[in-house]
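# Summary of the model geometry
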Number of protein chains: 2
Amino acid sequence: MVHCKARLDATFAALSDVTRRGVLEQLGDSDASITDLAQRFRMTLTGMKKHVSVLEQAGLVITEKVGRVRTCKLGPRRLEEEAAWIERHRQLWSARFDALDELIEHLKRKE
Amino acid sequence: MVHCKARLDATFAALSDVTRRGVLEQLGDSDASITDLAQRFRMTLTGMKKHVSVLEQAGLVITEKVGRVRTCKLGPRRLEEEAAWIERHRQLWSARFDALDELIEHLKRKE
DNA sequence: TTTACAGTGAACCAAATGGTTCACTGTAAA
DNA sequence: TTTACAGTGAACCATTTGGTTCACTGTAAA
């Protein structure tokens, strides 16, 4: 469960960078090499490699090196945990706003 | 739309810290002052104030200072954008895995 | 067998992050 | 009117982050 917190940390951190979200979008479209990605995002090979490593660390991307090219593709994680976290909090939010709505209704009826 | 990217950045960054997620959970339960939160998370007032500012910046929390105490509560944003982003990518993921499943099925039938 | 190319790792850099202390302001309570 | 308390801002600090360059390895192509 501590483990789980750390993973949420890693995943949300990975998603907090616009370049990395872009890489995920790209990989949703088709697999790509480090060179492909570096070109598309106008960045050094080394720089892109780091981003890919972050995504890989978070389990969002998997890579395989064959010959001299490393191919990146979307990983097996489907963001279930993150979706669940957000959904849970949407419910908290909603509950509170609903309560507010009810209160307002109540006050209205009282007048 | 650039605006939107920046907001996703800010929100995911805000969510990438375990303390800040904890604060959101707490505020889902009940409103709290900076002092309350600082105590609960064993942190300086100043430190907690910074976290709250980050959450406020991302629109996840709103605060109001009356007298000398600043009360924090969940903000009007309900993480719709973030949920949408994640959902969209869950679909991308799923589509790719479904395609893989189909390929496997196809290969099986061929044998 | 050269030569060119994809990636990698180390070293470096500036900026951001997560935290502290300390001095201060403003408000509430005695 | 003291005094205590909640918050704030500035300054500082260590670590992380997002990026670079440069030297290197290994593989593919000529």
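Relevant structure appears above.
The text that follows walks through the structure, step by step, so that each part is easy to find. From a predicted model like this one, the values you see are computed outputs, not experimental measurements.

## Observations regarding the overall build of chain A
In terms of helices and strands, chain A carries 5 helices and 3 strands. Along its sequence from the N terminus, chain A presents helices and strands in the succession α-α-β-α-α-β-β-α. Counting every position in chain A, which comprises 111 residues, the buried fraction comes to 36%. The contacts of chain A with a sequence gap of at least 6 include a subset with a gap of at least 24, amounting to 49%.

## Observations regarding the protein's contact with DNA strand C
Every one of the 20 residues lining DNA strand C counts as a neighbour, but Thr35, Arg68 and Arg70 of chain A together with Lys50 and His51 of chain B are closest to it. Counting only the atoms of DNA strand C within 4 Å of the protein, the fraction contributed by sugar and phosphate is 63%. Within the side chain of Lys65 of chain A, an N or O atom sits 3.4 Å from a sugar or linking oxygen of DNA strand C. Between Arg68 of chain B and DNA strand C, the recorded distance is 3.2 Å, taken from a side-chain N or O atom to a base oxygen.

## Details of the pattern of salt bridges
Considering all chains together, one arrives at 4 salt bridges over all chains under this definition. As a salt-bridge pair, Arg21 of chain A and Asp9 of chain B come within 2.9 Å of each other at their nearest N and O atoms. Here Arg21 of chain A, found in helix α2 (residues 18-29), pairs with Asp9 of chain B, found in helix α1 (residues 2-15), and the two come from separate chains. For Arg21 of chain A, a relative accessible area of 3% gives the class buried. Judged by relative accessible area, which is 22%, Asp9 of chain B ranks as partly exposed. The shortest N-O distance in the salt bridge between Asp31 of chain B and Lys73 of chain B comes to 3.9 Å. Linking Asp31 of chain B in the loop between α2 (18-29) and β1 (32-33) with Lys73 of chain B in strand β3 (residues 69-74), this pair joins segments that are 42 residues apart in sequence.

Definitions and cut-offs
- Residues numbered from 1 in each chain as written.
- Chains lettered and ligands numbered in written order.
- Predicted model: local features only at pLDDT ≥ 70, side-chain atom pairs only at ≥ 80, totals over all residues.
- Heavy atoms only, no water.
- Helix = DSSP H or I, 4+ residues; strand = E, 2+ residues; numbered from the N terminus.
- Buried < 20%, exposed > 50% of the residue type's maximum accessible area, 1.4 Å probe, protein only.
- Contact = heavy atoms within 4.5 Å.
- Near = heavy atom within 4 Å.
- Polar contact = N/O pair within 3.5 Å; in protein donor to acceptor, adjacent residues only side chain to side chain.
- Salt bridge = Lys/Arg side-chain N within 4 Å of Asp/Glu carboxyl O.

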